[in-house]
Structures are given as C-alpha cells and as structure tokens.
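Chain by chain, the residues run as shown.
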Amino acid sequence: MLLIDCPWCGPRNEDEFHYGGQAHVAYPADPAALSDEEWGRYLFVRDNPKGPFAERWCHSSGCRRWFNAVRDTRTNEVLRVYR
Amino acid sequence: MNLRLPTTADVLRFTFDGVEYTGHAGDTLAAALLANGVRQVGTSVRLGRPRGIMSAGSEEPTGVVQIETPFADPLRPATMVELFDGLAATGLAGRGRLADVPDPARYDAVFAHCDVLVVGAGPAGTAAAAFAARAGVRVMLCDEHPRDPALVSGATVLGRTTVFGYYDDNYLVAVERRTDHLGFAAPADMARERIWRIRAKRVILATGAHERLIAFPGNDRPGVMLAGAARTYLHRFGVVAGRRAVVFTANRSGHQAAEDLAAAGVEIAAVADAREGRTVTGTEGAPALTAVLVDGRRVEADLLVVSGGWSPVLHLYSQAGGRLRYDEDLGAFLPDGCRQAVEPVGAAAGRYDHDACAADGVAVAARALTALGVPTGPVPPVPAGRLDPPGSYLWRAAIDAAPHEAFVDLQRDVTVADIRRATGAGLRSVEHVKRYTTAGTAHDQGKTSGLLASATVGDALGARIAELGVTTFRPPYTPVSFAALAGRDRGDRFDPVRITAIHDWHVARGAPFENVGQWKRPWYYPQPGEDLDAAVHRECVAARTGVAMMDASTLGKIDVRGPDAAEFLDRMYTNVMSSLGVGAVRYGVMCRLDGMVFDDGTVARLAEDRFLVTTTTGNAAAVLDWFEEWLQTEWPDLEVWCTSVTEQWSTVAVVGPQSRAVLGTICGSLADLPFMRWRDATVAGLAARVFRISFSGELAFEVNVPWWQGPALWEAVHAAGQPWGITPYGTQTMHVLRAEKGYPIIGQDTDGTVTPHDLGLAWAVSKKKTDFIGKRSFTRPDTARPDRKHLVGLLPEDPALRLPEGAHLVASQELPPPPVPLLGHVTSSYHSAALGRTFALALVRSGRNRLGDRLWVPLGDGPVVPVTVTAPVLYDPEGTRRDG
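Quick caveat: nothing in here was measured; it's all calculated off a predicted structure.

Taken together, the contacts link 23 residues of chain B with 24 residues of chain A. For the pairing of chain B and chain A, the buried interface totals around 2200 Å² over both sides, and the portion due to carbon and sulfur atoms is 49%. Among the residues chain B hides against chain A, the three largest losses belong to B:R199, B:R339 and B:R776. Together they make up 27% of the total. At the junction of chain B and chain A, the tally comes to 3 salt bridges.

Written out as structure tokens, the structure reads:
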C-alpha cells in the first residue's frame, strides 16, 4: 500500500487513487495528420522502464484531481509528485 | 516420573481424538498433549506417517489439529492453540475440514499509525519498545503469543497479534486473535479477530529465529523435537517432553536443552554433538520414538532433541524488500539492507545471546529515534551475541542410507530423495525445486525447513547456499482467514447498495430486483401466478397498446456547465452537440480513443452554457471520470465544470400510446411537447422537467422531479393512469421493448470491440467535425475493414425457440472439424409480445451483407438450429408510433 503524497491533499493511502499510465503523452495536435502507425503508437505503445517512470495518478477518492508522479519501478518508491 | 512439573494453575478439561484429558491454565494444546503423554497428533499428508509435536510456536510443521468446538477451525498448529475448558480437537491426516455451517463470529478492522512498530516481544523487542516509549514517541508492540498489555509502559502492546504482511511505505498488516483463547466464555459481541492495518514511520523486527531440523533417516518420528522447543515446554509450561532423551546437535542449543532437561529429572542417554564427530543415523519406534541409533549404537529413548542451527526470521524483512546475505560462519541468512525504514534486531539479526539481544534492542531503538529526530543519549556497544564458534550447524546425517526417510519438509512429506529427484530432472533453481516437490508450500510455509531445502539442493548440485538463495517470502507469514480479511465487508456490507427514492414501492409490489452496477432496479412486477415470461409479456403489451411506467431514476445524469461546455461535448461525442438549441435533446454516442463505443445517452441543452448529459446506469461514474480526465489533463483551457446529479433527480418514464392522455390529467402543458424536446412543467403539483424521449419507440415522456419527490410523482402518475390500466414495468420489459426497436445496450450488445458503425449508428458520427475522441481510429485499417461484426437481428426459424445469449453463429448445420469458424454471437434474446415470436440481436461478421441469409446456432449439446438474419429493427421500422 503506497503512501502517495497528493499535491493538493497530502499523503494518502494508495487505494484512494487510480492509476493513469505514462505521463506526458499528449493528445496529438492534429490526429488526422498522423500516419496509421503514428496514431497506433500513440494509442497503444507506452514506455516500460526499469527505474524512474513518470506516470499519471488521479486522487479519485479524494480531491478527484490528476497529477504526475515519478515512481521507481524497481522499488515502487514514489520519488516525486508534481502538478 | 511425571511429565508435568508441580503446578497450582487451574485445571482445564479437554478432549483430543474423543479422549478426555486435563491440562492447566496457560497451556497450549501442544503442551497439554505432551503432558498427557500424547505423542502422535496426526498422520502426514502424503505418506500417512505418524507425526507429533516438533516445535513450540507458529513454525510447527507437524502437530496440526482440527478444532471441533466451539466452532470448526481447520489446520491449526496445536502449538498456537491456547487451552480452554471444553476444548475439543482432533488430529489430522494432513488436511483439515471447513465448517459446513456459517461462521457466527464477527470480524473487524483497525487502522493505526505509529512512530515505531516493534514486531516480537522477546528480549530484543521488549527492550527496543521500552526504550522508544520512554522517549515519548508512539510505539506499538505486537507479538503472536499472549502478552500482558502493560508489558511496556507507554506503548500499545498487542498480544496474540501476528504481523503477517509488510507492504510498501512501511504499511504492515496484522491479525489479532481476541476470543479463541476464551473458548465457550467468549463474549458474543466481541469480534473474534481484528485486522490491524498499521502505517509505521520506523519498524523494528524482533522476530527471533527458527531452529532447524537435521535431515537424517527417521527424523519425522513423534518424539523428535527441536531443542529450543523442549526448553520452552519445560520452562514455560512445566512439561517435560520425555523421560529418557538423546540430544543430536551441532551447537550450544542442544547442550542447553540437555542441561535443562537433566536438571528437571530427564535421563540424558546420549549427547551426539556433530562437531565431535558423533552422529545419529536413524530412529526406531511405532508410532512414536523408542530408540535412537547413535554412532551405530542403539540407545533407548522416548525423546530425541535436535538442533541443526538457527535461521533468523526475516520473512517480513524480505517482504519489505530487504536483501539477505548468507553467512557461512553462522549457517544462516542475515539482513543486508532494505530501502524501507526497517531494522531487524536480536536473534532476527543473528544474535543468540539474551543480553546481546536486549542491548541490540536499545541500540536499534536509538537509531530509530535518531531517524525520527528524537535525541537519545549514548548507547552501550552491542556484543556479537554468538554462542557458538563458526560452523556450528549441521544439515544432514547418514542420508545416503535411506534418503526417502530423511525428511526436509515434514508438512509436505518432502524427503531428500524427492529433492534429488527434482535436481535429477534438471531443476537448478530452489524456486523450481519448490514447485516440483511442493517443499515449503504447506501451511507452515517451510519455516523450519526452507534453508534445509536449499542446503539439500546445494548438496545435490554441488552448489553453495549463498549462490542458490532461498525461495521468496510472501505474505501472509502465517495463515489468515478470509473472514478476518473481509471484516465487516461481507453479506449486505460487501458492496454499497444504491436504491432509488421509489424503491419501497417496488418492494411492496413484490418486484424481484436486478443488480445494475450497485443499483437495485425492479426486474418485473409479477402478479399472482405469473412467472418472469408472463409478467414481461403483460408489461410489454401494456406499453405497446396502452400505457406503462418505469422508474428510470438510476440513469446516470451529469450537469455540464461553462462557456466552453458545447465545445467540450463536441469533442467527447461522435456527433455535434453545439448545434443543439436550448430546449432540445439529442441522442449521442461516445467512444474511447480506439474508436470503440464507450457509452451512449441523451444530451439536453438547458441553457447556452449548460447541458444535462445522461449515461447508462452502470457507466455514470466512468463517464464523469472520463470527462474530468480530459478537462484536467488535456484541455485545462476549457472552462467547463461537470457535476454528477444522478441522485438529485427522480425519473419516471411514462410510455405508450395513452401516455399523453395520462399526463394530461396531472399536467396541462405537455400536449404540444415535440419529440426530443424538454420543458419545465408542473406535474401533479410538483416542479418537474419533462423530456419527450423514447427508449421503446412508443410515445413516451420522462418526468424528472427532485429526488425526494420521486414517490409522490410515482404515486400521482400511477393514480392518474388507473383509467387506462397503467402498468409498472421493470428492466426486463425495458430490454425487450428496446431490442424490438434495435436499440443496443452498451455493455450487453457491445464489448469494447464495437464501433458506432458496427452498431449501425453511422448516422450519429459527425463527418463535419474536424476531430472528436475516437475519430482518427475510424480510419485505421482494422476499424475500416468491411467484414467487421455488425449488429443485426435474428429470427429463429422455430418462432418459439429463444436462443441463449452468448450462443455462437456458424455457417452450416454440419459442424466442420475444429476449429469451427465462428461468425458471431447472440448478444440479446427475448420473446416478443408485439411480434408474437422470439427474436434476438447478434454481432455477426459482415452481418449487414447477410440480411435474409440463413445461419446456424449450435445449442451446446443440443441440436444446431437455423436462424434468419434480419435488420436489427424488427418493430415499427418506419417509426410511426413515436408520436402516439
């Protein structure tokens, strides 16, 4: 049970949050301009690093706001949270 | 010689295997059995060999019993069962029996926070807890054995509490056993067990060490006991485990046992210290020990005290992510650093001397306090606490004489021969050997045998233990019942139940309920003598020919407001919402980014900057989350606010050709309300918002009033409809009516692989908008291919045959050899009153190109039946009934 430091609410149990996958994968400015392969990569392909990983979390049972966290996938330590 | 030393403790009666015995207050069942000379407790799981009591704690591998009264409890180590008056237990043949009646006990949960959590109240743990508590920080001390709550002043002391799981960020879970030791005197209102979920800033693991058995032929016979356990029975319970003992050891522990037992009057027949070249090569006796072969000489004995060495208990440490390092001198794994704020202490850190453990407790507590920013004075140095010279441990003796009788894991009946068979089969990892032999997988999880198993694998492979390691430690440390983990969250409290304001009316009319998400929705309203089919037939006829009413309050409702609300909805829905005039309503479809349908519903424009969105009942929260995710993460520039108003509005659907007439008697201003419009009105004296929308194809109205006025509205509509025989209907009739019109239910007729085009909803997909969620995916090759599965209707050739939902469609009556090419499956299937026959909806490959075709449906083990593919709209395809 991670203790996640919500940037708005402070430290809360992991089960108050839900996970939103890799952070900083922006919706393309013009999807129509993308090739099928580029669009497919946006839809389906995400990084899977061993080590620090920037990911999105939502404090769904609290303030209901999204934020980013850097988590080390080897140790499960949350290294940093930011809005 | 009596096996029990003199005592004044209260006498308790108990039965074991149906025989009456007495014990004393403070006994465990194991202690009382030993005191009564009961040496065989059960038989082993695979080989049926007699087994007795080997340890004095939760690591017990053999003395496993079934508790019969007051409540059946399977597979409990007799060493952990506290004796009470009237206890009845039976020995087991390796497996317990679950109770066949419901458990009447209550279970509960506690959440706790502390600065320092100490696990284990031995010398090291008690010293650590006392030192930390004196510094004024919040200290919890848990121990699996009974402990005096006042053991450490200023600390929360929890006895009979096993910390069984260690998770991220110093989150530990413990189970406290509160009533089992009280037996029949347990208060009925006291929770039997409590789960403690503890967040600790620092953790000190004073979990001690487990003594190990030695692998030698006949090491499983009742009467073989670990040295430390023999001392525990003597000193804690006043019980000697035998009259004439042989000691087989490679360390000080065996000698201590010999000295203590001798002082208590036990005859010590031999002490075989492997370090002096002496050995035990076998045992005799059935069912229990009568003799030991020492250096090839037969020595009569009823007790064989064994110590192969000690293993620090690092299960929790390992669960926490702690690394382990094998120490050749000690013959054990020791802690080697952990990212979490935890430190093992005392025997758990390889110190086996009492004073060294206590000193270590103080030193580790001081380090924890320092980390917490609490000043401490100077701390005395900690001695190494090793009682023996390096190498004072032993894994095996004389195993080659009878490897199939030299046991490694006694609970699973795994012998040296079994492990050699595993390595002989090519297995090289201790994890693989574990799975092949099942060593370490029993209820004791190999506490006394895990390292012995690694050593035995090492013997077979010529590998060092340091290279092999041990198998992974996983929670729980000891078995935990599901009842305890569930706590109060069982039965009615398993999941929140949501009911509408009108629920009591449905209950009073005897409606069975259908679960839709957490909602309870009336399924149908049976009249006397009616079954589901008869009631639904009657309800459908009423809606199609007269008037009917339904509680539609569970429909998800989201208020979307702000200057950019129209733009936002244009991006979320496949169709255009910004062109909607105030007062108008539009059906809309929402997709995920991959172009698959996610939800559908209506959008009503309440004002220029305000919309009311409805969602499917089960998807309301997911749609609101989806909206919020896009607004917060991608489009924070849009000024839009979303609010769930599902439980702000009670909704009554009035459906059928007479619905306008019924509402006309309680509302004067609806006669000219056009289809797909809404209007504020006064209905039966209630301020209402009325929508003219239809999920049945009939003339229909949905009347919304504030939630708490739902019952008043419902009663008023019901009363007003009496002259027309207004008929309440439930979800089953709703499903039939919508299916007759080919309206899909998202989640029933779709499964996350279905596009709007597959559903025949291309008309609801805008071609004008430059973008919306899912648009780009519609031109991906897979979503654009012509042979996707389409939603179609099916008419079984036998008009009385109702196809099972989920049934597959195939091309021919004769099934080809497998794999049979499947063309699709039935998603909805009903009997239709309006059509006078059965029908179904199905997703069928290239379905819209097969209209009129004959396909086949295999009915499990039954016949393969023919069906005709049709358009999905089977009733009133021209839409003539919409306006009544």
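With that out of the way, let us pick up empty space enclosed by the protein. Residue and element names in this part refer to chain B. Per the counting criterion, the structure on display carries 7 cavities of 30 Å³ or more. Reported here for the largest cavity is a volume of approximately 470 Å³. What lines the largest cavity is a set of 32 residues, and nearest its centre among them are G446, G450, L451, T471 and F473. Taken together, the elements giving at least two residues each to the lining of the largest cavity come down to strand 22 (310-312), helix 5 (315-319), helix 8 (430-437) and helix 9 (450-461). Tallied by class, residues from the lining of the largest cavity come to 16 nonpolar, 13 polar and 3 charged. Taken as a whole, the second largest cavity holds about 100 Å³ of empty space.

Once that is clear, we can look at the packing of helix 13 (residues 532-545) of chain B against helix 18 (residues 731-740) of chain B. Residues and elements named next belong to chain B. It is the contact of helix 13 with helix 18, at a shortest axis distance of 9 Å, that shows an interaxial angle of 55°. As judged from the angle between their axes, helix 13 and helix 18 are oblique. In this structure, helix 13 crosses over helix 18, and the sense of that crossing is right-handed. On helix 18, the residues that touch L532, V536, E539, C540, A543 and R544 of helix 13 are Q732, T733, V736, L737 and E740. Grouping the constituent residues of the contact of helix 13 with helix 18 by class yields 6 nonpolar, 2 polar and 3 charged.

Turning our eyes to something else, we now look at the confidence of the model for chain B. Scored by pLDDT, chain B has a mean of 96; 100% of the residues are at 70 or more. Two summary scores accompany this predicted model of the complex, namely pTM at 0.91 and ipTM at 0.97.

Residues and elements named next belong to chain B. The 6 strands are arranged 42-43-44-41-46-45 in an open sheet whose pairing can be described as antiparallel. Across the chains shown, the open sheet's two edge strands, defined by having one partner strand only, are strand 42 (808-809) and strand 45 (854-858). In terms of strand pairing, strand 41 (residues 789-796) meets strand 44 (residues 837-845) through 6 bridges, oriented antiparallel. Bridge pairing in strand 44 places G793 opposite L841. The sheet strands contacting helix 18 are strand 43 (824-832) and strand 44, and the helix crosses strand 43 at an angle near 110°.

Every regular strand shows the same layout, with side chains that alternate between the two sheet faces. All names here are of chain B. Among the 13 residues that make up strand 8 (residues 107-119), 10 are buried, leaving the element largely enclosed by the rest of the structure. Alignment of strand 8 against strand 13 (residues 193-205), held across 12 bridges, turns out to be parallel. In the sheet register, A109 faces strand 13, and the bridge partner there is I195. Pairing geometry for strand 8 and strand 9 (residues 139-142), over 4 bridges, is parallel.

Let's shift gears to the environment of B:R586. Residue and element names in this part refer to chain B. In this structure, R586 sits in strand 32 (residues 585-591). Classification of R586 as partly exposed rests on a relative accessible area of 27%. As for R586 and I693, which are separated by 107 residues in sequence, their C-alpha atoms are 9.2 Å apart. If we skip the residues at most four places from it in the chain, R586 touches N575, V576, M577, S579, L580, G601, T602, V603 and M676. Among the polar contacts made by the side chain of R586, one reaches the main-chain carbonyl oxygen of V576 at a distance of 2.6 Å.

Residue and element names in this part refer to chain B. Here the second largest pocket defines a volume of roughly 1200 Å³. Y587, D600, F695, Y743 and P744 are the residues nearest the centre of the second largest pocket, which is lined by 50 residues in total. Where the lining of the second largest pocket is concerned, the elements lending two or more residues are strand 28 (513-516), strand 33 (597-607), strand 34 (610-615) and helix 18. Partitioning the lining of the second largest pocket into residue classes produces 23 nonpolar, 18 polar and 9 charged.

Bringing the sheet that holds strand 6 (residues 77-82) of chain A into the picture now. By definition, the strands of a sheet pair up through backbone hydrogen bonds, in either a parallel or an antiparallel sense. The 4 strands lie next to each other as 3-4-5-6 (chain A), forming an open sheet whose pairing is antiparallel. The strands lining the two open edges of the sheet, one partner per strand, are strand 3 (18-22) and strand 6 of chain A. For this sheet the average axis-to-axis angle between neighbouring strands, irrespective of direction, equals 35°. In this sheet, strand 5 (residues 66-72) of chain A lies alongside strand 4 (residues 52-58) of chain A in antiparallel orientation, the contact comprising 7 bridges. Within strand 5 of chain A, the position partnered with A:E55 by the bridge is A:A69. Across the sheet, helix 15 (residues 620-633) of chain B is in contact with strand 3, strand 4 and strand 5 of chain A; its angle to strand 5 of chain A comes to roughly 80°.

Okay, unusual backbone geometry next. Residue B:P476 follows B:P475 across a cis peptide bond; omega there is 0°. Within the secondary structure, B:P476 sits in the loop between helix 10 (465-468) and helix 11 (482-486). A cis amide bond links B:P818 to the next residue, B:P819, at an omega of 0°. For B:P819, the position within the fold is in the loop between strand 42 and strand 43. Positioned with a positive phi, A:N76 is a non-glycine residue whose angle comes to about 70°. Counting through the fold element by element, A:N76 comes out in the loop between strand 5 and strand 6.

Our next topic: the environment of B:R490. Inspection of the secondary structure puts B:R490 in the loop between helix 11 and helix 12 (503-508). Look past the residues within four positions of B:R490 in its chain and what remains in contact with it is B:D103, B:A105, B:Y107 and B:A483.

The subject of this paragraph is the pattern of salt bridges. Residue and element names in this part refer to chain B. Enumeration over the complete set of coordinates arrives at 63 salt bridges over all chains. R421 is the salt-bridge partner of D418, the closest N and O atoms lying 2.9 Å from each other. In this pair, D418 and R421 are both assigned in helix 7 (residues 416-424), 3 residues apart and thus about one turn of the helix distant. By relative accessible area, which is 10% here, D418 ends up buried.

Once that is clear, we can look at the side chain of B:H718. All names here are of chain B. Tracing the sequence through the fold places H718 in helix 17 (residues 710-720). Look at H718 and you get buried, because its relative accessible area is 12%. Once you skip the residues sitting within four places of it in the chain, H718 turns out to touch W505, R509, M549, I726 and P728.

Cut-off values and rules
- Residues numbered from 1 in each chain as written.
- Chains lettered and ligands numbered in written order.
- Predicted model: local features only at pLDDT ≥ 70, side-chain atom pairs only at ≥ 80, totals over all residues.
- Heavy atoms only, no water.
- Contact = heavy atoms within 4.5 Å.
- Buried area = accessible area lost by both parts, 1.4 Å probe.
- Salt bridge = Lys/Arg side-chain N within 4 Å of Asp/Glu carboxyl O.
- 1 Å grid on protein atoms, 1.4 Å probe; cavity = no way out; pocket = protein on both sides within 12 Å on 5 of 7 lines; lining within 4 Å.
- Points joined across faces, edges and corners; volume = space filled by probe spheres on them.
- Helix = DSSP H or I, 4+ residues; strand = E, 2+ residues; numbered from the N terminus.
- Nonpolar A, V, L, I, M, F, W, Y, C, P; charged D, E, K, R; others polar.
- Axes fitted to C-alpha atoms, helices over the stretch in contact; angles between N-to-C directions.
- Parallel < 35°, antiparallel > 145°, perpendicular 65-115°, else oblique.
- Left-handed = near helix turned anticlockwise from the far one by under 90°.
- pLDDT = per-residue confidence, 0-100.
- Pairing = 2+ DSSP bridges.
- Buried < 20%, exposed > 50% of the residue type's maximum accessible area, 1.4 Å probe, protein only.
- Polar contact = N/O pair within 3.5 Å; in protein donor to acceptor, adjacent residues only side chain to side chain.

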